[in-house]
Amino acid sequence: MIMVEQKYTRKTVPNLIVHLPAVVLLLLGFITVLPAAAAEPHSIPPADSASLFASHCASCHGTDHLGGRGPALLPDSLIRLRADELTTVITHGRNGTGMVGFADQLAPAEISGLADW
């Protein structure tokens, strides 16, 4: 590749000044979009989490969260799990138990919503 040195002349400097506001706006757009893209997935509303629990979790953990084939999911029993651990269990399951992972069935926001719910 041949590099060509560009010299700025009196004619090119005004062109740069004309395009400067557009460049600034473009950079500001990236600054506002990037943090949102890098953020954790947002949780879904509690009503949707309740619906997801009923369709994916209640068959093992009971409709009243008191357990069945799976353990009870009461605040007293969940207090020992950190939020990220709970999200990992819902996503990937737990080896040696009947808890299967739901990464292939639920979106990250849905999993986060269940963990928060």
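As the structure is a computational prediction, the values presented were derived from the model and not from experiment. (Residues numbered from 1 in each chain as written. Predicted model: local features only at pLDDT ≥ 70, side-chain atom pairs only at ≥ 80, totals over all residues. Heavy atoms only, no water.)

### Comments concerning the confidence of the model for the protein chain
With 62% of its residues at a pLDDT of at least 70, the protein chain reaches an overall mean of 77. Element-level pLDDT for the protein chain is lowest in helix H1 (residues 12-38), with a mean of 59, against a maximum mean of 92 in helix H3 (residues 58-61). A low-confidence stretch, residues 36-40 stays under pLDDT 50, and its non-local contacts, those more than four residues away or across chains, total zero contacts. (pLDDT = per-residue confidence, 0-100. Helix = DSSP H or I, 4+ residues; strand = E, 2+ residues; numbered from the N terminus. Contact = heavy atoms within 4.5 Å.)

### As for the side chain of histidine 61
In this fold, histidine 61 is placed in helix H3. Among the residues examined, histidine 61 registers a relative accessible area of 11% and is labelled buried. Excluding anything up to four places from it in sequence, histidine 61 contacts Phe53, Leu66, Gly67, Gly68, Gly70, Pro71, Leu73 and Met99. (Buried < 20%, exposed > 50% of the residue type's maximum accessible area, 1.4 Å probe, protein only.)

### Notes on the layout of surface pockets
Counted as a void, the largest pocket has a volume near 820 Å³. In this structure, the largest pocket is lined by 32 residues; those nearest its centre are His61, Pro71, Leu73, Leu78 and Leu86. (1 Å grid on protein atoms, 1.4 Å probe; cavity = no way out; pocket = protein on both sides within 12 Å on 5 of 7 lines; lining within 4 Å. Points joined across faces, edges and corners; volume = space filled by probe spheres on them.)

### Observations concerning unusual backbone geometry
The phi dihedral of histidine 65 falls on the positive side, at around 70 degrees, and the residue is not glycine. Within the fold, histidine 65 resides in the loop between H3 and helix H4 (75-78).

### A look at the pattern of salt bridges
As enumerated under the stated definition, the model contains two salt bridges in all. Put simply, arginine 82 and aspartate 84 hold a salt bridge, and the shortest N to O gap is 3.1 Å. The exposure class of aspartate 84 is partly exposed, given its relative accessible area of 44%. Measuring nitrogen to oxygen at the nearest pair gives 4.0 Å for the salt bridge that ties glutamate 85 to arginine 82. Residue class for glutamate 85 comes out partly exposed when judged on its relative accessible area of 30%. Taken together, the shared-partner salt bridges in this structure form one network comprising Arg82, Asp84 and Glu85. (Salt bridge = Lys/Arg side-chain N within 4 Å of Asp/Glu carboxyl O.)

### With respect to the nonpolar core
One finds Leu52, Phe53, Cys57, Ala58, Leu86, Ile90, Phe102, Leu106, Ile111, Leu114 and Ala115 forming the largest nonpolar core, which totals eleven residues. Of all the secondary-structure elements, those providing two or more residues to this core are helix H2 (46-56), helix H5 (83-92) and helix H6 (108-116). With three residues, the top contributor of residues to this core is H6. In contact with leucine 86, other than residues within four places in its own chain, are Leu81 and Ala115. (Core = buried A, V, L, I, M, F, W, Y, C linked by side-chain atoms within 4.5 Å.)

### Some words on the packing of H5 against H6
At a closest axis distance of 9 Å, the pairing of H5 and H6 adopts a crossing angle of 130 degrees. As the angle between them shows, H5 and H6 are arranged oblique. Here H5 runs over H6; the crossing is right-handed. Taking contact as the criterion, the partners of Leu86, Thr87, Ile90 and Thr91 in H5 are, on H6, Ile111, Leu114 and Ala115. (Axes fitted to C-alpha atoms, helices over the stretch in contact; angles between N-to-C directions. Parallel < 35°, antiparallel > 145°, perpendicular 65-115°, else oblique. Left-handed = near helix turned anticlockwise from the far one by under 90°.)

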